[in-house]
Amino acid sequence: ETREREKTNIPSLKIGFNKVFGYYIEVTKTHRDKVPEGYIRKQTLVNAERYITQELKELEERILSAQEERVGLEEALFKGIRQEIVNHKGPLKRDAELIAMLDCLQALTRIAQKNGYTRPVVDQGDEIDLKAMRHPVLEEVLGQDAFIPNDVHLGEECARFLIITGPNMAGKSTILRSTALTVLMAQMGGFVPCESAKIGVVDKIFTRVGATDYLSRGQSTFMVEMSETANILHNATEKSLVILDEIGRGTSTYDGLAIAWAVSEELLKIGEKGAKTLFATHYHELTKIASRDQRIKNLSVAVKEWGEEIIFLYRLIEGPANKSYGIQVAALAGVPGHVVRRAKEILEEIEAQGHVRLEQEGGEPEGLKKKAPRQLTLPLQCPRQCLRLKKAGEYIRDVDLNNTTPLEALNFLAMLKQEIEKG
Ligand SMILES: Nc1ncnc2c1ncn2[C@@H]1O[C@H](COP(=O)(O)OP(=O)(O)O)[C@@H](O)[C@H]1O
Ligand SMILES: [Mg+2]
């Protein structure tokens, strides 16, 4: 550009580029008469003319082909490096594995030192006795002072099957997960987050925890829950450790409780002693099962009532929880006050009617008999006078499909049909 400026003596001469004409030389109209002979006019603008020259064309070609060449070279180099890596893939993979292993081992060592893990006693016995156990991740996140350690004891004869009750957020899942993790860490040869630990080797650890998002795979939460439960029932042995976190949650209360109950019975039938199990549940009714079998033990996570509120103590104590505190937890979570108050009213109504009882023919087991036959006014059981045709739509809208069994739905449909036919 400078050279062309000096050669032509046009100070405003510029070299530019656009996609249509490529490189060009732009000269303002005022200097048009100074344009030398070799310039070829390409484009006329309001205030300027654009030219090309033979030399510029040649330069342009060189620049453009250089770009192509650069891309080609880059690709060739990249492919070369790739090939080089492939040629050494064996040793490289081995190195990566070794480094990963070292990384793991040193991480385990460091955390064991930092958080005061202990060397577990692992034997062929049938007992698991964990003293002052912590959750390795939560302890790290919350800090050692904030985390409340707990003892978990699974016995040989007694207390092989622990039912842990307590409100939501009380720390049930944490105890379950810590136990499974501790056993796993011990059996892989690591130190464990306990003050002391005695672990009879287990052959498998089964877990049914959390409702992770399987919906994208086209399976409902309940289906996932049940197929995992089925897998446990098919494959657990009396040497296995089974962790069940709230099974039966994905369906209606009675279905869920019935399934939880039957699954518990079945787990106790495995082998001679039954599978060692930790079962966290919000079905208080299930705690009644303990009175029938000395292998079952009720535990709960302590909470303290403070006026209207509850305080979580995160301490595992003997005996079942006496209340579910669901409404208090809802309030803690920020559900609006009037909704919480309304929930309390509804709860009182339900409790007064003795509706939340396991309905079972023959009245077994004790304490689960339906207290009052009076039915609660829920959409599925509404009094006839409100089932007039014009209201049918509203009732259908109010049905909670996620909590309706096929049988309930069929009954509801039959009722609707009957009412409509009566006119
Ligand atoms: N032992 C503990 N010490 C301190 N905080 C705990 C402890 N256990 C649980 N928490 C806290 O309570 C939360 C809820 O615990 P979680 O085990 O999920 O309760 P649940 O299963 O009973 O609903 C955890 O995310 C954690 O922050
Ligand atoms: Mg939980």
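Residues numbered from 1 in each chain as written. Chains lettered and ligands numbered in written order. Predicted model: local features only at pLDDT ≥ 70, side-chain atom pairs only at ≥ 80, totals over all residues. Heavy atoms only, no water.

Looking now at the environment of His153. Assignment of secondary structure puts His153 in strand E7 (residues 150-154). Residue classification places His153 among the partly exposed residues on the basis of a relative accessible area of 34%. Here the alpha-carbon distance between His153 and Lys131, two residues 22 residues apart in the chain, equals 8.2 Å. If sequence neighbours within four positions are ignored, His153 has contacts with Glu127, Ile128, Asp129, Ala159 and Leu162. In this structure the side chain of His153 is engaged in a polar contact, spanning 2.6 Å, whose partner is the side chain of Glu127. (Helix = DSSP H or I, 4+ residues; strand = E, 2+ residues; numbered from the N terminus. Buried < 20%, exposed > 50% of the residue type's maximum accessible area, 1.4 Å probe, protein only. Contact = heavy atoms within 4.5 Å. Polar contact = N/O pair within 3.5 Å; in protein donor to acceptor, adjacent residues only side chain to side chain.)

Another point: the site of ligand 1. Inspection of the region around ligand 1 gives 14 residues, with Ile148, Met169, Lys172, Ser173 and Thr174 positioned closest. Separating an oxygen atom of ligand 1 from a backbone N or O atom of Gly171 is a distance of 3.0 Å. In this structure, an oxygen atom belonging to ligand 1 sits 2.7 Å away from a side-chain N or O atom of Ser173. When ligand 1 is considered free in solution it has 560 Å² of accessible area, and contact with the protein chains removes 81% of it. Secondary-structure elements contributing two or more residues to the shell around ligand 1 are helix H4 (136-142) and helix H5 (172-187). It is H5 that provides the largest number of residues to the shell around ligand 1, a total of 3 residues. (Near = heavy atom within 4 Å. Areas by Shrake-Rupley, 256 points an atom, 1.4 Å probe, with all protein chains shown as cover.)

The next subject is the packing of aromatic side chains. Enumeration according to the criterion identifies 4 aromatic pairs in this entry. Plain terms: the ring middles of Tyr39 and Tyr51 are 5.6 Å apart, the flat faces sit at 55 degrees to each other, and that makes the pair tilted. A residue pair is termed long-range when its members are at least 10 positions apart, and Tyr39 in the loop between strand E2 (22-28) and strand E3 (40-44) and Tyr51 in strand E4 (residues 48-52) qualify at 12 residues. Overall, the relative accessible area of 9% leaves Tyr39 in the buried class. Taking the centre distance of 6.4 Å and the plane angle of 55 degrees together, the rings of Phe161 and Phe279 count as tilted. Highlighted residues: Phe161 in strand E8 (residues 161-165) and Phe279 in strand E12 (residues 276-280), separated in sequence by 118 residues. (Phe/Tyr/Trp six-rings, centres within 6.5 Å; stacked < 30°, edge-to-face > 60°.)

For Glu127, the position within the fold is in the loop between strand E5 (121-123) and strand E6 (128-133). Here Glu127 falls in the partly exposed class, since its relative accessible area comes to 22%. Separated by 33 residues in the primary sequence, Glu127 and Arg160 place their C-alpha atoms 8.5 Å from one another. Those residues in contact with Glu127 that sit more than four places away from it in its chain are His153, Leu154, Gly155, Glu156, Lys198, Ile199 and Gly200.

Positionally, Asp129 belongs in strand E6. Other than its neighbours up to four places away in sequence, Asp129 contacts Val152, His153, Ser196, Ala197 and Lys198.

Before going further, it helps to examine the UniProt feature "domain: DNA mismatch repair proteins mutS family" (unreviewed entry) in the protein. Within this structure's numbering, the places UniProt gives as "domain: DNA mismatch repair proteins mutS family" (unreviewed entry) are residues 240-256. For residues 240-256, helix accounts for 24% and strand for 29%, while the C-alpha atoms at its two ends are 24 Å apart. (UniProt positions renumbered as here; feature names shortened; annotations may be inferred.)

What follows covers the packing of helix H6 (residues 221-235) against helix H7 (residues 253-269). Relative orientation and spacing of two packed helices are given, respectively, by the angle between their axes and the distance between those axes. It is the contact of H6 with H7, at a shortest axis distance of 11 Å, that shows an interaxial angle of 15 degrees. Classified by the interaxial angle, the pair formed by H6 and H7 is roughly parallel. Remark: the crossing between H6 and H7 carries left-handed chirality. Between H6, through Phe222, Met226, Thr229, Ile232 and Leu233, and H7, the contact on the second element is made entirely by Ile259, Val263, Glu266 and Leu267. Tallied by class, the residues present in the contact of H6 with H7 amount to 7 nonpolar, 1 polar and 1 charged. (Axes fitted to C-alpha atoms, helices over the stretch in contact; angles between N-to-C directions. Parallel < 35°, antiparallel > 145°, perpendicular 65-115°, else oblique. Left-handed = near helix turned anticlockwise from the far one by under 90°. Nonpolar A, V, L, I, M, F, W, Y, C, P; charged D, E, K, R; others polar.)

With 34 residues, the main nonpolar core has Ile128, Leu130 and Ile164 as its most contacted residues. Here this core gets 6 residues from one element, more than from any other, and that element is H5. Those residues in contact with Ile128 that lie beyond four places of it in its chain are Val152, His153, Leu154, Val183, Lys198, Ile199, Gly200, Val202, Leu241 and Lys276. Counting residues in hydrophobic clusters, the runner-up holds 22 residues, among them Val242, Leu268, Tyr283 and Ala290. (Core = buried A, V, L, I, M, F, W, Y, C linked by side-chain atoms within 4.5 Å.)

Moving on, we come to the pairing of strand E1 (residues 14-18). Pairing between E1 and E2: 5 bridges, direction antiparallel. Bridged to Gly16 within E2 is Tyr24. Between E1 and E2, which pair antiparallel in sequence order, lie 3 residues. (Pairing = 2+ DSSP bridges.)

Within the structure shown, the criterion is met by 24 salt bridges. Linking Arg292 and Glu265 is a salt bridge whose minimum nitrogen-to-oxygen distance equals 3.3 Å. Separated by 27 residues along the polypeptide, Arg292 in the loop between E12 and strand E13 (296-306) and Glu265 in helix H7 bring together distant segments of the chain. Given the relative accessible area of 30%, Glu265 is considered partly exposed. Connected via shared salt-bridge partners are Arg3, Glu4, Lys7 and Glu55. (Salt bridge = Lys/Arg side-chain N within 4 Å of Asp/Glu carboxyl O.)

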